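Descriptive structure summary
What follows is the residue order along each chain.
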Amino acid sequence: MASLDERLMQWLRDAHAMEEQAETSLAAQARRLENYPDLRTRIERHLEETRGHAATLAAAIERRGGGTSGVKDMTGKTVATFQNLVTMFAGDEVMKGCLANYTLEHMEIASYKILIATAELAGDIQTRAACEHILAEEIAMADWLDQNLEQITRLYLRREELVPDLAKK
Ligand SMILES: [Fe+2]
Ligand SMILES: [Fe+2]
């Protein structure tokens with residue numbers, strides 16, 4: 001049976017891999033988005049936050065005596081790149097991106113809630129505080145998407161009907 005400390009380390013590593021995958025996905029969207037400036041600005045902001053999340057987790061892992069091996073992280077990045085390639089050709093990559101972002105943010109929220117509870121039990125106050133800080137930024141991004149999904153969808157559909165080239169990205 002895994003000890004509490006081992007579980008915390010494993011879940012910190014999982015979260016680190018998740019953040020690296022998020023970084024790849026957000027960076028690809030920020031690079032390609034042209035006609036949705038509000039969405040692009042918010043994604044760029046969260047991309048910076050996401051890089052911070054990965055760095056914060058790496059620091060927590062190292063503080064607890066572990067290392068961030070690149071193997072698993074590279075797999076995540078490859079998967080994210082492939083997903084981005086697939087959606088590029090369907091013409092609705094903006095909406096597929098929103099779907100992926102909404103899903104990812106809620107997965108991150110759940111992950112950090114789990115990590116906060118685990119760090120609390122393990123008596124690691126510093127890691128708990130770091131995860132609480134990250135969680136607040138994930139919730140803010142999820143809320144923004146929640147508040148803007150309807151408007152982005154309407155804009156996308158209207159453009160697809162009138163100026164398809166503008167709708168795409
Ligand atoms: Fe994150
Ligand atoms: Fe996030």
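Preceding block: the structure.
1. Structural notes on the packing of aromatic side chains
A complete count under the given rule lists zero aromatic pairs for this structure. One cation-aromatic arrangement involves R159 over Y36; the distance from NZ or CZ to the ring centre is 4.7 Å.

2. Structural notes on the coordination of the iron ion (ligand 1)
Those protein atoms acting as donors to the iron ion (ligand 1) are E19 (OE), E19 (OE), H53 (ND1), E108 (OE) and E138 (OE), and they sit at 2.0 to 2.4 Å. Expressed as a motif, the donor residue spacing for the iron ion (ligand 1) is E-x33-H-x54-E-x29-E. Separating the iron ion (ligand 1) from the iron ion (ligand 2) is a distance of 3.4 Å, and E108 supplies a donor atom to each of them. With E108 in helix α4 (residues 93-122) and E138 in helix α5 (residues 125-162), the pair connects residues that are 30 residues apart, well separated along the chain. Judged by its relative accessible area of 0%, E108 falls in the buried class. Taking relative accessible area as the criterion, E138 reaches 0% and is therefore assigned buried.

3. Observations concerning the nonpolar core
In this structure, L12, A15, L57, Y112 and L115 are the most contacted members of the largest nonpolar core, which totals 18 residues. Among the secondary structure elements, those contributing two or more residues to this core are α1 (4-32), α2 (37-63), α4 and α5. Apart from the residues within four sequence positions on either side, L57 is in contact with L12, A15, H16, E19, Y112 and I134. Of all hydrophobic cores here, the second largest spans 17 residues; its members include L26, V94, C98 and W144.

Rules behind the numbers
Going along each chain's sequence as written, the residues are numbered from 1 onward. Working convention: letters from A go to chains and numbers from 1 go to ligands, in the order in which they are written. Local features in this predicted model are restricted to residues of pLDDT 70 or higher, and side-chain atom pairs are both shown and tallied only at a pLDDT of 80 or more, whereas totals for entire chains, interfaces and linings draw on every residue. Side-chain measures here rest on the full set of heavy atoms in the structure, leaving out hydrogens and waters. What counts as a ring pair is set by centres within 6.5 Å for rings of Phe, Tyr and Trp (its six-membered ring), and what kind of pair is set by the plane angle: stacked under 30 degrees, edge-to-face over 60, tilted for all other angles. Each ring is checked for a lysine NZ or an arginine CZ that lies within 6 Å of its centre and within 35 degrees of its normal; such an atom marks a charge sitting over the ring. Note that water is not among the atoms used; donors are N, O and S atoms within 2.8 Å of the metal (3.2 Å for Na, K and Ca), so sites may look incomplete. The helix and strand labels rest on DSSP assignments: H or I over at least four residues marks a helix, E over at least two residues marks a strand, and numbering proceeds from the N terminus. For each residue, the accessible area found with a 1.4 Å probe, counting protein chains only, is set against the maximum for its type, and the residue is called buried under 20%, exposed over 50%, and partly exposed in between. Buried Ala, Val, Leu, Ile, Met, Phe, Trp, Tyr and Cys residues form a nonpolar core when they are joined through side-chain atoms within 4.5 Å. Working rule for contacts: check all heavy atoms of both residues, and any pair within 4.5 Å makes them a contact.

What is shown is where atoms sit, not what they do.
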